[in-house]
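What follows is the residue order along each chain.
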Protein chains: 2
Amino acid sequence: MADLGAAGATRRRRRATFAAGRGGSLVPMNGASAAACPSAGTAGHSGDTPGQKHGSPETARVNSKSEKHTWRSEKQSDVLSCHKTRESLLSSESGYNNYRGILNWCVVMLILSNARLFLENLLRHGILVDPIQVVSLFLKDPYSWPAACMVIVSNIFIMVALYTERQLSKGSFSEPVGLTIHCINLTVILTFPVAVVLTVPSVTPVGGAFALGIYTIVLLKLYSYRDVNMWCRDLSRAKAKNCPAVKSGDSSKVCYPGNLTIKDMYYFAFAPTLCYELNFPRSPKIRMGFLLRRLVEMLFFTQLLVALTQQWMIPIIQSSMKPLEDMDLSRMMERLLRLAVPNHLLWLMFFYWFFHSSLNFSAELLRFGDRQFYNDWWNAETVTYFWQNWNIPVHKWCLRHFYKPLLRRGFSKIVSQSAVFFLSAFFHEYLVSIPLRMFRLWAFMGMMAQLPLAWFVGNFLHGNYGNAAVWISLIVGQPFAVLMYVHDYYVLRYQ
Amino acid sequence: MADLGAAGATRRRRRATFAAGRGGSLVPMNGASAAACPSAGTAGHSGDTPGQKHGSPETARVNSKSEKHTWRSEKQSDVLSCHKTRESLLSSESGYNNYRGILNWCVVMLILSNARLFLENLLRHGILVDPIQVVSLFLKDPYSWPAACMVIVSNIFIMVALYTERQLSKGSFSEPVGLTIHCINLTVILTFPVAVVLTVPSVTPVGGAFALGIYTIVLLKLYSYRDVNMWCRDLSRAKAKNCPAVKSGDSSKVCYPGNLTIKDMYYFAFAPTLCYELNFPRSPKIRMGFLLRRLVEMLFFTQLLVALTQQWMIPIIQSSMKPLEDMDLSRMMERLLRLAVPNHLLWLMFFYWFFHSSLNFSAELLRFGDRQFYNDWWNAETVTYFWQNWNIPVHKWCLRHFYKPLLRRGFSKIVSQSAVFFLSAFFHEYLVSIPLRMFRLWAFMGMMAQLPLAWFVGNFLHGNYGNAAVWISLIVGQPFAVLMYVHDYYVLRYQ
């Protein structure tokens, strides 16, 4: 308030953004603000042109005047008449539209509301965080590590794929024989862990999901490996017919049969991508600072994810069982919305932990150059854009090895697109149902429901409304599926 | 997903805003993505200049190529090599900064969290809304309307001020006599309602606050009325000495003694301003649509304010009494944060209801031209800016009749500013303590605490941080004062 006068006025002028024109409907009747009386001095004061009537810089003008003139002249122009014809800022007629502070308001309100929830939770439940308990999610019997054994066994399938490709490159296997071996190999990769999880009782749901996740990644990688090597053979055969002598270029690059080494295979197996390539882009060196930051993030978010799940998710899920059993709709709704916030925050943290910290960590360690593991899905205005951009490795694989091959075989775009969603729905269900040993199709239906949702959002909602719809489907859809599975699991196991 | 190819790529290009340059630290080692093998076709594919390595429009380029070339050439450039050296968007090295979707996320999260709270409240308390109950806040005894009587009595003081000014203009009263009468009149306006509220037991706290508010408005208006008329006399005397003949100008304007009519006085009394002026700017006509919209808003927000207070505020306040008595700090904190959200939303609604709907309604009805009842305080980056802009009628009065006169009398800016805050603190306390019949100085201290807060925010926090600090002080400060008063009132009355 020390700068009540000029400084305040300039700040107001700097901040207030008024749209020009807009035909103000408050036309001054007797010349806006004039001096108290014509007899009281110089006939009125100047200014007051219609262009100025939307109330911005008149205070500044008056103040700069008052510096030059005496108090008596200020009294005439400023003190005796201090009103001016103008609209309120929130009237649509004012043309005002600067609500920058509202974003800050949203952030402050979110932090304060969640601080309250955090405090309420602590007061009600005490501290539930217990890092040791996490181990029990992976292990039932400390002398039996079925999930770890399964991951070690997966190396066999990798070696089978490499061996098959080597024989194919040498011509020892014909193409149909190679295709058959690959098909058998991939089928076993898909079914072997299912058999183990369903028959070995010491596999926990979390351990099973972990092993199945690894096997799914291996499956997609080996599928890509076989495809690319086949394309290379096709190309070199075509070259050999057309111009067999062209052998120029960078000597550091690996050419087709030269890539079929154990080292190359394992680089691909560990690289944060699902699409095979003979010469991956490489970064020049390992940046130790970058590596360390990602490592700290990984450790920090692992702890935080575990702590928040134990402290925040599990009490809500436990308290939701009763309303779900009773089919008490309004209470179910309340629990769903209550679960939505922690579930969504955990998902966001998981996203950052996996797609930014972990994948960048492994990429930096392997000097893998392509760090595009996600795109700007947070600005997605359509459901399609979200699914194309939140998980780039899977999206890239689907595009290269599934969607485009389907298009080349003459399928229409809409059929190919639905096939991609169907494949995705299959793997979602696969990764959830098998570890829980329970087939409910919630995950499958959740993924398939994206198709009509994408159609609806794409056709009826645009811009920020589309973006908000994508967020809502994320925030509400996930806890719905989580509650469904937990409820069914609970009913199946404990009743 | 129907537009997986070109359309998706252009959308990505349109959306992703990448800062130029920023010296990407992932320099490609073997020429970014090249074809699988130099022998496999045209020596690599073009593109891949360092300027493109921040991963934006390469998909678009590849797609436009694939339209012209055959599938075989697409296979070389796109399918065999699908990786490129680039940073993740969230890495600081990427220079990416488009988080527009985050605002939508904030809005969605706020709506969903509050929908949850709303549902929880309904389930726990049932429907508490009862419009009839509101009447009992104003009236204890339906045959005794003390607050309404006090408002009617206030006309006497208005007439006294008008009579005194008339006598002064005719010279019947000398200036010292006039000043004395005005001083007595204003003192009685300040003290009479206090005496009534403290002695008449049938005045309810809400009724008392209403009557005191009206009296405070009358006080400020009559102070301004006296000041402006005195300035007019000063001016006309000065004119009479210098150039007595100048009598030109607009005949529709009222000149000094001509304004001392009952009609003019009551126009000022009802006009939505505290600063008197001989010729208020007038709007040309009453816009019926505008008037109707404001009326509907007034009725709607009145209902909503009452309903939310009954349903949301009162249960929280009631449940806060126990922790406050026990001085249980963590539970008090939890209740404070729990109260902060509804209290703040009610304050925002009250702001809109009073400063936009009600004042614009009365202004439209009176064809009062100056609708600047508030400024863009929501963007305030300093506490000072907030206090200068959220309540323009009071701010204008303080500036014109208190702050500037103090400056002219030779007080420093900092002293005058503190005096304004002191005056404001006095009236805040006056409007709260008297109706509650309880002197605790929480409101006074709350206002005076704005001075060090303003100093702190002004000197240490800038831009969005300053704005967030202003919001936090609003969101947390108010419920703190509310809880203090309610607690003390509860302890005093019911224990």
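Note that the structure is a prediction, hence the values are computed from the model and not measured.

Caption draft 1: Quick peek at the UniProt feature "active site" (unreviewed entry) in chain A. All names here are of chain A. The UniProt feature table records "active site" (unreviewed entry) at H428. Following the sequence through the fold, H428 ends up in helix α14 (residues 413-436). Note on H428: relative accessible area 34%, which makes it partly exposed. In this view, H428 contacts A443 and M447; residues no more than four positions away in its chain are not counted.

Caption draft 2: Local environment of the packing of aromatic side chains. One pass over the structure, following the stated rule, counts 86 aromatic pairs over all chains. Plain terms: the ring middles of W347 of chain A and W377 of chain A are 5.4 Å apart, the flat faces sit at 70° to each other, and that makes the pair edge-to-face. A residue pair is termed long-range when its members are at least 10 positions apart, and W347 of chain A in helix α11 (residues 329-365) and W377 of chain A in the loop between α11 and α12 (383-389) qualify at 30 residues. This pair shows no difference in class: W347 of chain A is buried, exactly as W377 of chain A is. Taken together, a centroid distance of 6.0 Å and an interplanar angle of 45° make the contact between Y267 of chain B and F280 of chain B tilted. Residue Y267 of chain B is located in helix α9 (residues 262-270), and its partner F280 of chain B is located in the loop between α9 and α10 (288-326); the two are separated by 13 residues in the primary sequence. An identical accessibility class is assigned to Y267 of chain B and F280 of chain B; each is buried.

Caption draft 3: Structural detail: the UniProt feature "transmembrane region" (unreviewed entry) in chain A. Residues and elements named next belong to chain A. Residues annotated by UniProt as "transmembrane region" (unreviewed entry) correspond here to residues 143-164, 176-200, 206-223, 337-355, 410-427, 439-461 and 468-486. Along residues 337-355 one finds 100% helix and 0% strand; the C-alpha atoms at either end are 26 Å apart. With 83% helix and 0% strand, residues 410-427 has end C-alpha atoms that lie 25 Å from one another.

Caption draft 4: Up close: the confidence of the model for chain A. All names here are of chain A. Per-residue pLDDT for chain A has a mean of 80; in total, 82% of the residues score no lower than 70. Of all the helices and strands in chain A, helix α2 (residues 58-68) carries the lowest mean pLDDT, 40, while helix α9 (residues 262-270) carries the highest, 95. Note that residues 27-71 has pLDDT below 50 and, in this model, 94 contacts with residues that lie over four places away or in other chains. With a pTM of 0.69, the predicted complex shows an ipTM of 0.70.

Caption draft 5: Representation of the packing of helix α6 (residues 146-170) of chain A against helix α7 (residues 175-199) of chain A in the model. Residues and elements named next belong to chain A. At a closest axis distance of 9 Å, the pairing of α6 and α7 adopts a crossing angle of 175°. Accordingly, the angle class assigned to the pair α6 and α7 is roughly antiparallel. Of α7, the residues touching α6 (which contributes M150, V153, F157, V160, A161, T164, E165 and L168) are E175, G178, I181, H182, N185, V188, I189, F192, P193, V196 and V197. For the contact of α6 with α7, a count of residues per class yields 13 nonpolar, four polar and two charged.

Caption draft 6: Main features of the nonpolar core. Counting residues in each nonpolar core, the largest one holds 204 residues, and the members touching the most others are W377 and F386 of chain A together with W377 and F386 of chain B. With 14 residues, α11 of chain A is the largest single contributor of residues to this core. Setting aside its immediate chain neighbours within four residues, W377 of chain A contacts W347, L348, F351, Y385, F386, N389, W390, W471 and L474 of chain A.

Conventions we followed
- Residues numbered from 1 in each chain as written.
- Chains lettered and ligands numbered in written order.
- Predicted model: local features only at pLDDT ≥ 70, side-chain atom pairs only at ≥ 80, totals over all residues.
- Heavy atoms only, no water.
- UniProt positions renumbered as here; feature names shortened; annotations may be inferred.
- Helix = DSSP H or I, 4+ residues; strand = E, 2+ residues; numbered from the N terminus.
- Buried < 20%, exposed > 50% of the residue type's maximum accessible area, 1.4 Å probe, protein only.
- Contact = heavy atoms within 4.5 Å.
- Phe/Tyr/Trp six-rings, centres within 6.5 Å; stacked < 30°, edge-to-face > 60°.
- pLDDT = per-residue confidence, 0-100.
- Axes fitted to C-alpha atoms, helices over the stretch in contact; angles between N-to-C directions.
- Parallel < 35°, antiparallel > 145°, perpendicular 65-115°, else oblique.
- Nonpolar A, V, L, I, M, F, W, Y, C, P; charged D, E, K, R; others polar.
- Core = buried A, V, L, I, M, F, W, Y, C linked by side-chain atoms within 4.5 Å.

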